[in-house]
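# Examining the three-dimensional arrangement
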Amino acid sequence: MKNMKPSLKSICQPVTFLTLMLLATCWVLSYMSVLSVAMLPILGFYLLRYAGSVHWKAFLCLFLLNPLSVAFMSGVVSYAKGAPTLRGMGLYNLEGYNIDRKTRCFRSSGGCMVSGNEWVYIAPHNSALKIMSFIFGPPSKSYDGPYPTKEEAFALSEKGMSISPEDFKLGKVVMRNRSYQLGTFFPNAILYRGFLLSGFFEDNETELKITASIYRERCLILRFEESYYFPEEHPGSEKIDFAVCLDLETQTPFAYYAPPNRYLRGYPPFFYLPEE
């Protein structure tokens, strides 16, 4: 009678094989465009079936090693490293790269070519970042100070102090009795990477106005208004208008704002963290 009882090994063998087949199926489905959603009922059914049974090892294996859990853990690891990015798809506008206001995570885009299975690695990853940020606060390498809205930034800039373009080119912002040193990397990025025309044309062809204001002692708001006057053979003018919010502790920008219906290139010239 004793030999007729199934051993633990005999119980686990078929479960292990089935679990491996289920994991392989989920991973294959994760690359199959819209068919990737088929893994949800498969995972749900077998996780419920294994839960609370003697097949707890199979449950853990299926729960931890499926594509959704792996993507979730990638978000946790990314947060632990200090500079996590919320994933997305599509072509962002300028403000799309701003540090996220709620989680303070950075942002990245996979481009405009979609296949239908992006949710597999985007949704769990972003969910992990939101949960970690809610529990532990902003990531260690991100901006954790006051964050003005676009409306607040432009409203404050209307009353800001005028800054000399010559001082700005040298990375110096003087306000009342205080001077802020921004270095030359940020001014050069603004001037020579397609945002402002002052770096390419003579002074008589452009008119640049820079105003600065402080938001809650931590954020420096710089607003750039530039008019470019076309030559006589192409009469007319064009105006560039945008605002940048900088962290006074790191002297680096965390948000770019452009007025509604105003075209401005969609990629920031300078990020909060240096590009690797």
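The coordinates are above.
To start, this report covers the structure provided alongside it. (Residues numbered from 1 in each chain as written. Predicted model: local features only at pLDDT ≥ 70, side-chain atom pairs only at ≥ 80, totals over all residues. Heavy atoms only, no water.)

We now examine the layout of surface pockets. Estimated volume of the largest pocket: approximately 470 Å³. No other element matches the four residues that strand β9 (residues 252-257) contributes to the lining of the largest pocket. Across the lining of the largest pocket, the residue classes break down as 15 nonpolar, three polar and four charged. (1 Å grid on protein atoms, 1.4 Å probe; cavity = no way out; pocket = protein on both sides within 12 Å on 5 of 7 lines; lining within 4 Å. Points joined across faces, edges and corners; volume = space filled by probe spheres on them. Helix = DSSP H or I, 4+ residues; strand = E, 2+ residues; numbered from the N terminus. Nonpolar A, V, L, I, M, F, W, Y, C, P; charged D, E, K, R; others polar.)

Taken as a whole and assessed by the stated rule, the structure comprises 16 aromatic pairs. Here the aromatic rings of Tyr 97 and Tyr 267 are separated by 5.3 Å at their centres, their planes lie at 80°, and the arrangement is edge-to-face. Placement of the pair is Tyr 97 in the loop between β1 (85-88) and β2 (106-109) and Tyr 267 in the segment after β9, with a sequence separation of 170 residues. For Tyr 267, a relative accessible area of 35% puts it in the partly exposed group. What links up through ring pairs into an aromatic cluster is the set Phe 106, Tyr 143, Tyr 147, Phe 254 and Tyr 272. (Phe/Tyr/Trp six-rings, centres within 6.5 Å; stacked < 30°, edge-to-face > 60°. Buried < 20%, exposed > 50% of the residue type's maximum accessible area, 1.4 Å probe, protein only.)

This paragraph deals with the packing of helix α2 (residues 39-50) against helix α3 (residues 56-65). At their nearest, the axes of α2 and α3 sit 9 Å apart, and the two run at 150° to each other. Classified by the interaxial angle, the pair formed by α2 and α3 is roughly antiparallel. The two elements α2 and α3 cross, and the hand of that crossing is left-handed. Listed contacts from α3 to Leu 43, Tyr 46, Leu 47 and Tyr 50 of α2 are Ala 58, Phe 59, Leu 62 and Phe 63. Split by residue class, the contact of α2 with α3 holds eight nonpolar, no polar and no charged. (Axes fitted to C-alpha atoms, helices over the stretch in contact; angles between N-to-C directions. Parallel < 35°, antiparallel > 145°, perpendicular 65-115°, else oblique. Left-handed = near helix turned anticlockwise from the far one by under 90°. Contact = heavy atoms within 4.5 Å.)

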